[in-house]
Amino acid sequence: MPSLKPYHIFLVSVFLIYTSCTPNQTNSIIEKQALPNTPFLMVLGTAQDAGYPQAACKKSCCEKVWSGQAKKKLVSCLALVDPSTGSSWIFDATPDFKEQLHLVENLETTNPTQLSGIFITHAHMGHYTGLMDLGREAMGAKQVPVFTMPRMSDYLTNNGPWSQLVSLENITLQNLKPDSTIQLPQNLKVTPFLVPHRDEYSETVGFRIEGPNHSALFIPDIDKWSKWNRNIKEEIKKVDYAFLDGTFFENGELPGRDMSLIPHPFVEESMELFADLSKEEKNKIYFIHFNHTNPLLQEASPAQQQVKEAGFHIAKSENHVEL
């Protein structure tokens, strides 16, 4: 057998070091991605209504995606999944609904996952227009339960093309009431609550989502925390996770536009408001629903670093938390 030359010995040593580390690294990745056997929430998208990249955007933020240097982001959405039954509910039917449904239906869970219903927060384009995929031009779905508030129900019933989904029974509207809990199978609960927002066509709600062991808030849209008749810090203390409106990072993010006309709590404002929360309370918070201009969409940006150093999270697609 020929003797090994010095550089061969070096390569073998590197290989052995790498392979000895690889199992642990691989296990940590598998553990991070492995789905639980108990109910969980999964992030299906993080972008604002118009997605990322946004139509006609030629700025550097979107050009990276158009040119293939960065990945697109799906519109803000959550899924509630019960692996024991294969049931799943999607929160908001976004323009990316078909991709998000595909993701849910292909989760590697105990039982095959199927869509059991959709909860709608309000009638802005990123939150309900995905319902079109349930129609006869697409899925031709049969009586999918769609949980809506009264004005949202009226809007879908009395305005085409959405009214056709109702008349053809592609969907069956299930009425929600503020602060009235919907009991789902396996001790899962969903409670809507009103939040102030631009309610041109419907009221706007957030949701409290409860499982057997944990609970979460989902508030993708709200005008300002100060306009709400509840104390957001107290609401955070009542749950284990909080997915909160992070549409814009700071004022002036849209040059030439009056941002008071599209009010949202800037992430900088929210971090200042939440500054006196404990480390444990801050750790519950996941910012979501990012406009294409929001630097939190840019990996390793100073804004991302600022949020993480302050003790908060930035929601990412396929993140999941156990309920």
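What you see is a predicted model; the values in this text were computed from it and never measured. (Residues numbered from 1 in each chain as written. Predicted model: local features only at pLDDT ≥ 70, side-chain atom pairs only at ≥ 80, totals over all residues. Heavy atoms only, no water.)

**Here's the deal with the confidence of the model for the chain**
Point 1. Of the residues in the chain, 90% reach a pLDDT of 70 or more, and the chain-wide mean stands at 90.
Point 2. Note on residues 1–32: pLDDT under 50 across the span, and 2 contacts to partners over four residues away in sequence or across chains. (pLDDT = per-residue confidence, 0-100. Contact = heavy atoms within 4.5 Å.)

**Structural notes on the sheet that holds strand β14 (residues 320–322)**
Point 1. What the 7 strands build is an open sheet, ordered β6-β5-β4-β3-β2-β1-β14; its pairing is mixed. Every interior strand has two partners, whereas the edge strands, β6 (171–175) and β14, have only one. Neighbour to neighbour, the strand axes of the sheet diverge by 25° on average, direction disregarded.
Point 2. Of the pairings in the sheet, the one linking strand β2 (residues 77–82) to strand β3 (residues 87–91) comprises 5 bridges and is antiparallel in character. If you follow D82 over to β3, its bridge partner there is S87. (Pairing = 2+ DSSP bridges. Helix = DSSP H or I, 4+ residues; strand = E, 2+ residues; numbered from the N terminus. Axes fitted to C-alpha atoms, helices over the stretch in contact; angles between N-to-C directions.)

**A few points about the side chain of K224**
Point 1. With respect to the element layout, K224 can be found in the loop between β10 (215–219) and α7 (232–237).
Point 2. Within the local environment of K224, its side chain forms a polar contact with the backbone oxygen of H264, the two atoms lying 2.6 Å apart.
Point 3. Sequence-distant contacts of K224, defined by excluding residues within four places in its chain, comprise P196, H264, P265, F266 and E269. (Polar contact = N/O pair within 3.5 Å; in protein donor to acceptor, adjacent residues only side chain to side chain.)

**Describing the pattern of salt bridges**
Point 1. Scanning the model with the defined rule gives 10 salt bridges in all.
Point 2. The partner of K224 in a salt bridge is E269, with the nearest N and O atoms 2.9 Å apart. A residue pair is termed long-range when its members are at least 10 positions apart, and K224 in the loop between β10 and α7 and E269 in helix α8 (residues 267–273) qualify at 45 residues.
Point 3. Among the ionic pairs, E281 bridges to K284, the shortest N-O distance being 2.8 Å. Taken as a pair, E281 and K284 share a single burial class, namely buried. (Salt bridge = Lys/Arg side-chain N within 4 Å of Asp/Glu carboxyl O. Buried < 20%, exposed > 50% of the residue type's maximum accessible area, 1.4 Å probe, protein only.)

**Notes on the sheet that holds strand β8 (residues 188–194)**
Remark on secondary structure: sheet strands pair via backbone hydrogen bonds, oriented parallel or antiparallel.
Point 1. Strand order across the open sheet formed by 7 strands is β7-β8-β9-β10-β11-β12-β13, with mixed pairing between neighbours. The outermost strands of the open sheet, each flanked by one partner alone, are β7 (182–184) and β13 (313–314).
Point 2. Pairing of strand β12 (residues 285–288) with β13 involves 2 bridges; the strand directions are parallel. By the bridge assignment for β13, F287 is matched with I314.

**Details of the nonpolar core**
Point 1. Counting 32 residues, the largest nonpolar core has I219, I232, L244, F274 and V307 as its most contacted members.
Point 2. Sorting the residues of this core by element identifies α2 (60–66), β10, α7, β11 (241–245), α8, β12 and α10 (302–309) as the ones contributing at least two each.
Point 3. Looking at this core element by element, the count peaks at 3 residues for α2.
Point 4. If sequence neighbours within four positions are ignored, V307 has contacts with F249, V267, M271, F287, L296, F312, H313 and I314.
Point 5. Of all hydrophobic cores here, the second largest spans 27 residues; its members include A79, V81, V104 and L131. (Core = buried A, V, L, I, M, F, W, Y, C linked by side-chain atoms within 4.5 Å.)

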